[in-house]
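Residues per chain, in single letters:
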Amino acid sequence: MQATVEEIPVVKHRSTFGVSRSLGLRPRLPVLFAGTKVGRSFPLEHIIESVKVNAREGATEVMVASEDMFLYEQLPNFETNTPALEKLFQSIIQVPGIETIQTSHITMAPVVKDHQSSSA
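Residues numbered from 1 in each chain as written. Predicted model: local features only at pLDDT ≥ 70, side-chain atom pairs only at ≥ 80, totals over all residues. Heavy atoms only, no water.

Draft legend 1. Region of the structure containing helix α3 (residues 82–93). Compared with the 16 Å implied by 1.5 Å per residue over 12 residues, the 17 Å span of α3 between its first and last C-alpha is a close match. When α3 is considered as a whole, its buried residues turn out to be A84, L85, L88, S91 and I92. Looking straight down α3, one finds that the buried residues subtend no more than 135° of arc, so they occupy a single side. Exposed side chains of α3 directed beyond 90 degrees from the buried face belong to P83 and K87. Contacts from the buried residues of α3 go to α2 (44–56), β3 (61–64) and β4 (100–103). (Helix = DSSP H or I, 4+ residues; strand = E, 2+ residues; numbered from the N terminus. Expected span 1.5 Å × (residues − 1). Buried < 20%, exposed > 50% of the residue type's maximum accessible area, 1.4 Å probe, protein only. Arc of directions from axis to C-beta. Contact = heavy atoms within 4.5 Å.)

Following this line, the structure appears as structure tokens:
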């Protein structure tokens, strides 16, 4: 049984190197089975509150950790939700004290697909 996004509390203290929880959640299963589960994203407010906790305790840099950044608030058929990603990064950098954002994992497939769509 896996917890719902709402059941996972915001961090109470600064995380190691400012890394907070993942944006996208999937059960910890072998990669072979990961694709059979529905992706979930933390609400923006939850993420920003975690960033604020880290900033209050001295973090100037935040690493946004995810299985794939392009799955954040994904649209049907794994379409990248560009407006949601832009809002996410704009909201994080507006937190007082945060100077730098790092990302963990980003796949190239959505970039290539979006490039092909925009040049068609």
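Structure's up, so let's keep going.
Draft legend 2. Structural context of the side chain of S91. Topologically, S91 is positioned in helix α3. Discounting residues that sit within four places of it in the chain, S91 has contacts with L44 and I48.

Draft legend 3. Up close: the nonpolar core. Residues I47, V51, Y72, L88, I92 and I98 are the most contacted members of the largest nonpolar core, which totals 17 residues. Of all elements in the fold, only α2, β3 and α3 reach the threshold of two or more residues within this core. The element best represented in this core is α2, accounting for 5 residues. (Core = buried A, V, L, I, M, F, W, Y, C linked by side-chain atoms within 4.5 Å.)

Draft legend 4. Summary view of α2. Here α2 spans 18 Å end to end across 13 residues, near enough to the 18 Å set by a 1.5 Å rise per residue. L44, H46, I47, I48, S50, V51, V53, N54 and A55 are the residues of α2 that are buried.

Draft legend 5. Molecular detail of the packing of α2 against α3. Contact geometry for α2 and α3: axes closest at 10 Å, N-to-C directions at 25°. Taken together, the axis directions place α2 and α3 in an arrangement best described as roughly parallel. For the pair α2 and α3, the sense of crossing is right-handed. For the pair α2 and α3, the contacting residues are L44, I47, I48 and V51 in the first and K87, L88, S91 and I92 in the second. Of the residues that constitute the contact of α2 with α3, the class distribution is 6 nonpolar, 1 polar and 1 charged. (Axes fitted to C-alpha atoms, helices over the stretch in contact; angles between N-to-C directions. Parallel < 35°, antiparallel > 145°, perpendicular 65-115°, else oblique. Left-handed = near helix turned anticlockwise from the far one by under 90°. Nonpolar A, V, L, I, M, F, W, Y, C, P; charged D, E, K, R; others polar.)

Function cannot be read off these values alone, since they describe shape.
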